[in-house]
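# Secondary and tertiary structure notes
If you want the building blocks of each chain, they are given just below.
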Amino acid sequence: MTTAQHKIGSGFDGTTTAAEVVAGLDLTGKLAVVTGGYSGIGLETTRALAGAGAHVVVPARRRATAEEALRGLGNVEIDDLDLGDLDSVRAFASRFLESGRAIDVFIGSAGIMALPETRVGPGWEAQFATNHLGHYALANRLWPAFRPGARLVSVSSRGHHYGPVRFDDLNFEHGYDKWLAYGQAKTANVLFAVHFDKLARDRDVRAFALHPGRILTELVRHLERQELVDAGMVDESGRVTGGTKTPEQGAATQVWAAVSPQLDGLGGVYLEDCDVAEPAVDGVRSGVKDYAIDPVLAERLWTVSAELTGVNAFA
Ligand SMILES: NC(=O)c1ccc[n+]([C@@H]2O[C@H](COP(=O)([O-])OP(=O)(O)OC[C@H]3O[C@@H](n4cnc5c(N)ncnc54)[C@H](OP(=O)(O)O)[C@@H]3O)[C@@H](O)[C@H]2O)c1
């Protein structure tokens, strides 16, 4: 960590929308890559950035779905990408680099959550592989295009409280648990931002991780209705409960991380509700856990990720 993990008093809060974050900002001439930028909070992120004038590249696992979701939105370009397939990651990155353009904002918003045990690639647990390794490989492959002043935004979750990275069993070969696996992947998203920030800051590129809030989106596609009730997202009759953000509010923190001048000079920190988060306190479901921002664990995860994916832009 390079900066204190404490609130800066942004003036925003959990009700702030992505449109409010970009109000008054002119992003004309900026280019953003937003994975998952065609669903849930990613879609609202694309809308806000494109609406403020940025050109947004949306790499999509399901192109037709992305085209439908983004129809009529200017400043947006769709390409193909499956984060669970490193060949697909390499192919997308090659196409982008060949275009000769520079990246001002990289937002890893794509993600999957709490699915039944699933393996991708060489037997990797799907949540770790998709949510972390895919983004790790993508950002490293795209690194030559990052412009000085650029930001990388790693969309994590309060789900990182479920547990640390299990270095002795990364792929849950023993005792798969869908929530522990999600927690590991989301902890990895934070550690990734911590070490990326350390490596990239000499080139004036900074990184942030964040919890967007609780938002009812397609992310819950693998959950039963009762699990949504237990998680406090909907009540017994299926109505969205108080405290659940709209997608426009859910997109706000990652948009703030990507473009707010309030974060100039900062990096390697975890955000929530459009502010830097406080360290987590035992028994309280907010803030960031020590194991997610530990620089030693961040470097260890980077080394393992480089070995697994065969990519390391900073080697
Ligand atoms: N919603 C919440 O309450 C909440 C809370 C905390 C953190 N988050 C985090 O916020 C992020 C966005 O979640 P969301 O709520 O917006 O979910 P969402 O609506 O399900 O969007 C997720 C996006 O990720 C894409 N994606 C999934 N697997 C992919 C792959 N292998 N390759 C490429 N793209 C892939 C999906 O594409 P397809 O639809 O084509 O599969 C979709 O566009 C996630 O990282 C999630 O962990 C969400």
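Residues numbered from 1 in each chain as written. Predicted model: local features only at pLDDT ≥ 70, side-chain atom pairs only at ≥ 80, totals over all residues.

As annotated in an unreviewed UniProt entry, the protein chain carries the name SDR family NAD(P)-dependent oxidoreductase and is attributed to Amycolatopsis plumensis. Regarding the protein chain, the UniProt comment filed under Sequence similarities (unreviewed entry) reads as follows: "Belongs to the short-chain dehydrogenases/reductases (SDR) family." (UniProt positions renumbered as here; feature names shortened; annotations may be inferred.)

Glancing now at helix α2 (residues 40–51). Each turn of an α-helix holds 3.6 residues, which means side chains three or four residues apart point in the same direction. The end-to-end C-alpha distance of α2, which contains 12 residues, comes to 17 Å, matching closely the 16 Å that a straight helix rising 1.5 Å per residue would cover. Of all 12 residues that make up α2, 11 are buried, and the element is covered over most of its length. All of the buried residues along α2 are Gly40, Ile41, Gly42, Leu43, Glu44, Thr45, Thr46, Arg47, Ala48, Leu49 and Ala50. Phi turns positive, to about 110 degrees, at Gly53, one or two residues after α2. (Helix = DSSP H or I, 4+ residues; strand = E, 2+ residues; numbered from the N terminus. Expected span 1.5 Å × (residues − 1). Buried ≥ 20, exposed ≤ 12 C-beta atoms within 10 Å, placed from the backbone.)

Relative to strand β3 (residues 76–80), strand β2 (residues 55–60) runs parallel, the two sharing five bridges. Bridge assignment links Ala60 to a residue of β3, and that residue is Asp80. At this point the chain moves from β2, through helix α3 (residues 63–70), to the parallel β3, and the crossover so formed is right-handed. (Pairing = 2+ DSSP bridges. Right-handed = clockwise from strand over helix to strand, strands pointing away.)

Turning our attention to the site of the ligand. Close to the ligand lie 29 residues, the nearest being Gly36, Gly40, Ala110, Gly111 and Ser157. The greatest single-element share of the shell around the ligand, amounting to three residues, is contributed by α2. In terms of residue class, the shell around the ligand is made up of 11 nonpolar, 13 polar and five charged. (Near = placed C-beta within 6 Å. Nonpolar A, V, L, I, M, F, W, Y, C, P; charged D, E, K, R; others polar.)

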